[in-house]
Amino acid sequence: DYATNINALIDKGDNVIITVGFNLADATAAAAKANPKVQFIGVDEPQDPAALIPNLTGIIFHEDQSGFLAGVLAARLSKSGKLGGVYGKNVPAVIRFKEGFESGAKYANPKIDVQSTYYAGDISTAFNDPTWGATTAGQAIDQGADVIFTAAGGTGNGALQETAKRSTKDKPLFCIGVDTDQWLTIPEAHACLVSSAQKLIPPAIDKTVRAAADGSLKGGNIEGTVALAPFHDFDKVVPQAVQDELKALADQLASGALTSKGEKGTPAATMAATMSMSATMAATMAATP
């Protein structure tokens, strides 16, 4: 129904249309070509620089970077040395979350065991099958995983809730959500939900729509920001040293000094990050009595 729904908005007279999700990319591009006076914005729909459509702008994110931070957090919290990853269909954004998570976990603990599972069914149900999500998370927990990360939409919600059900005071389990701060949307997961690997979609859409309104928006791609969500009730559970480490790693990822594979970035970015950290340390020492 992608084309049908887009055309309904066009027929209604909307002149800025936002579509969300990698699977809508083809339908959005076709509609943009057929309606050059309508501005299209595609979230998670990267545009080919060699074949730009002037009235189509993709909002893209470095999911691998927020996945990397989630992996570091998971590895630092794990007592068993085993993590579970529950994923929807292997579309680009999900792949980046998965690979970033695995790299971050290995960066924090090279000996960590990460069990990753993609949804095997049809893509039409891949992100809306909470029963499968719960079962898959349960299997990982049964095999020793004590932290579950999920990037699977509604399917992942089932994984979060299952992890929360199994968490006890004697054997606490942790879970990490995705895309938004899921603490605000899945209260059933509060017993385990330590954070979420966020894509800051609202500010990215706000910026893009404002540009469309003032006529400055161009075809191509706009990069959105990623981050770990607040720890909420787990703020005192996550050691301050880990929180400081995550902040430093986020800065390095953003500057290019560190890649989501856990490797040093470009020499220039690495030097800039080193100088920035040195300046911060110097200021801290100067302020210390």
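Our structure's up above, just so we're on the same page.
Residues numbered from 1 in each chain as written. Predicted model: local features only at pLDDT ≥ 70, side-chain atom pairs only at ≥ 80, totals over all residues. Heavy atoms only, no water.

So, on to the nonpolar core. Of all hydrophobic cores here, the largest spans 43 residues; its most connected members are L73, L83, F101, F149, I176, V194 and L246. Residue assignment for this core shows that the elements contributing at least two residues are α3 (63-77), β4 (82-87), α4 (92-108), β6 (147-151), α6 (153-166), β7 (174-179), β8 (193-199) and α8 (240-255). With eight residues, the top contributor of residues to this core is α3. Within the second largest apolar cluster, eleven residues are counted, among which are I6, V38, F40 and L56. (Core = buried A, V, L, I, M, F, W, Y, C linked by side-chain atoms within 4.5 Å. Buried < 20%, exposed > 50% of the residue type's maximum accessible area, 1.4 Å probe, protein only. Helix = DSSP H or I, 4+ residues; strand = E, 2+ residues; numbered from the N terminus.)

Turning next to the sheet that holds strand β2 (residues 39-43). Pairing is parallel across the open sheet formed by four strands, whose spatial order is β1-β2-β3-β9. Each edge of the sheet is formed by a strand with only one pairing partner; in this case those strands are β1 (16-20) and β9 (220-223). On average, each strand axis in the sheet is inclined to that of its neighbour by 25°, with strand direction left out of account. Across the face of the sheet, helix α7 (residues 201-214) comes into contact with β1, β2, β3 (56-60) and β9 while running at roughly 165° to β2. (Pairing = 2+ DSSP bridges. Axes fitted to C-alpha atoms, helices over the stretch in contact; angles between N-to-C directions. Contact = heavy atoms within 4.5 Å.)

Let us look at the layout of surface pockets. Roughly 480 Å³ of internal volume is contained in the largest pocket. In this structure, the largest pocket is lined by 22 residues; those nearest its centre are V20, G21, F22, N23 and F127. Looking at the lining of the largest pocket, the elements that each hand over two or more residues are α4 and β7. Per-element tally for the lining of the largest pocket: the top contributor is α4, with three residues. Across the lining of the largest pocket, the residue classes break down as 14 nonpolar, five polar and three charged. What the second largest pocket holds in volume is close to 340 Å³. Elements with a minimum of two residues in the lining of the second largest pocket: α3, β10 (226-228) and α8. Class assignment of the residues belonging to the lining of the second largest pocket gives a composition of nine nonpolar, five polar and three charged. (1 Å grid on protein atoms, 1.4 Å probe; cavity = no way out; pocket = protein on both sides within 12 Å on 5 of 7 lines; lining within 4 Å. Points joined across faces, edges and corners; volume = space filled by probe spheres on them. Nonpolar A, V, L, I, M, F, W, Y, C, P; charged D, E, K, R; others polar.)

If you walk through the whole model with that rule in mind, you get one disulfide. The disulfide bridge from C175 ends at C192, spanning 2.2 Å between sulfur atoms. Looking along the S-S bond of the C175-C192 disulfide, the torsion reads about 80°, which is the right-handed sense. Here C192 lies in the loop between β7 and β8 and C175 lies in strand β7, a separation of 17 residues in the sequence. For C192, a relative accessible area of 0% translates into the label buried. (Disulfide = S-S within 2.5 Å.)

What follows covers the pairing of β1. Residues I17 and T19 of β1 are buried on one face, while the alternating residues V16, I18 and V20, pointing to the opposite face, are not. Of the pairings in the sheet, the one linking β1 to β2 comprises five bridges and is parallel in character. Looking across to β2, one finds that V16 is bridged to Q39. Handedness of the β1-helix α2 (residues 25-34)-β2 crossover: right-handed. (Right-handed = clockwise from strand over helix to strand, strands pointing away.)

Moving on to the side chain of E63. Counting through the fold element by element, E63 comes out in helix α3. A polar contact is formed between the side chain of E63 and the side chain of R96, at a distance of 2.7 Å. (Polar contact = N/O pair within 3.5 Å; in protein donor to acceptor, adjacent residues only side chain to side chain.)

One way to put it is that α3 packs onto α4 with a least axis distance of 6 Å and a crossing angle of 40°. Taken together, the axis directions place α3 and α4 in an arrangement best described as oblique. At the point where α3 passes α4, the crossing takes the right-handed sense. Listed contacts from α4 to E63, D64, S66, G67, F68, A70, G71, V72, A74, A75 and R76 of α3 are A93, R96, F97, G100, F101, S103, G104, A105, Y107 and A108. (Parallel < 35°, antiparallel > 145°, perpendicular 65-115°, else oblique. Left-handed = near helix turned anticlockwise from the far one by under 90°.)

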